[in-house]
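# Understanding the architecture of this molecule
Each chain, letter by letter, is given below.
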Amino acid sequence: VTSFSYQNVGFQANVRALIIGDDTVKLSADIEDAALYNPADIDRKPGAATAPVVTSFSQTISDAIIRKGSPLTTTVVDDPKGQSMYILVGAEIQR
């Protein structure tokens, strides 16, 4: 019997921003990211697992103060392939 499980993958961000000064924003956000990778890409030994693996993380940012020209880096994550992923949040007020 073959069975399948559905898993959402991708990036989602729900962001709330409030202008609190000429070049300043107060930001809150809920962030989720999920991705698939093949474990055989990491562990190439005979008999290594071959089923796809889902990696995911979520983060809540509460009331971060962001100024124009001074971005905020959050959520630095090293994935199983040795690559780093991060979120860089910047603000620019357009009138």
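This one's a predicted model, so the numbers in the text were calculated from it and none came from an experiment.

## Describing the overall build of the protein
A tally of helices and strands in the protein yields zero helices and five strands. When the elements of the protein are put in sequence order from the N terminus, they spell out β-β-β-β-β. For the protein, buried positions account for 22% of its 95 residues. Within the protein, counting contacts between residues at least 6 apart in sequence, those at least 24 apart form 45% of the total. Of the accessible surface of the protein, which amounts to about 7,300 Å², a share of 48% is contributed by carbon and sulfur atoms.

## Considering the side chain of Ser28
Along the chain, Ser28 turns up in strand 2 (residues 24-37). On the accessibility criterion, Ser28 (14% relative accessible area) is buried. Among the polar contacts listed, one links the side chain of Ser28 to the backbone nitrogen of Asp63, at a separation of 3.1 Å. Not counting residues within four places of it along the chain, the set of residues in contact with Ser28 comprises Asn14, Val15, Arg16, Ile61, Ser62 and Asp63.

## Considerations on the environment of Thr55
Here Thr55 shows up in strand 3 (residues 53-67). Measuring from C-alpha to C-alpha, the distance between Thr55 and Ala34 comes to 5.6 Å, with 21 residues separating the pair along the chain.

## So, a nonpolar patch on the surface
Side chains of Val9, Leu36 and Val54 sit close together on the surface and give an oily, nonpolar patch of about 250 Å² of accessible area. Assignment of secondary structure puts Val9 in the segment before strand 1 (10-21).

Here is what the cut-offs are and how they apply
Residues numbered from 1 in each chain as written. Predicted model: local features only at pLDDT ≥ 70, side-chain atom pairs only at ≥ 80, totals over all residues. Heavy atoms only, no water. Helix = DSSP H or I, 4+ residues; strand = E, 2+ residues; numbered from the N terminus. Buried < 20%, exposed > 50% of the residue type's maximum accessible area, 1.4 Å probe, protein only. Contact = heavy atoms within 4.5 Å. Areas by Shrake-Rupley, 256 points an atom, 1.4 Å probe, with all protein chains shown as cover. Polar contact = N/O pair within 3.5 Å; in protein donor to acceptor, adjacent residues only side chain to side chain. Patch = residues over 30% accessible without salt bridge, like charges linked within 9 Å, V, L, I, M, F, W, Y side chains within 5 Å. Salt bridge = Lys/Arg side-chain N within 4 Å of Asp/Glu carboxyl O.

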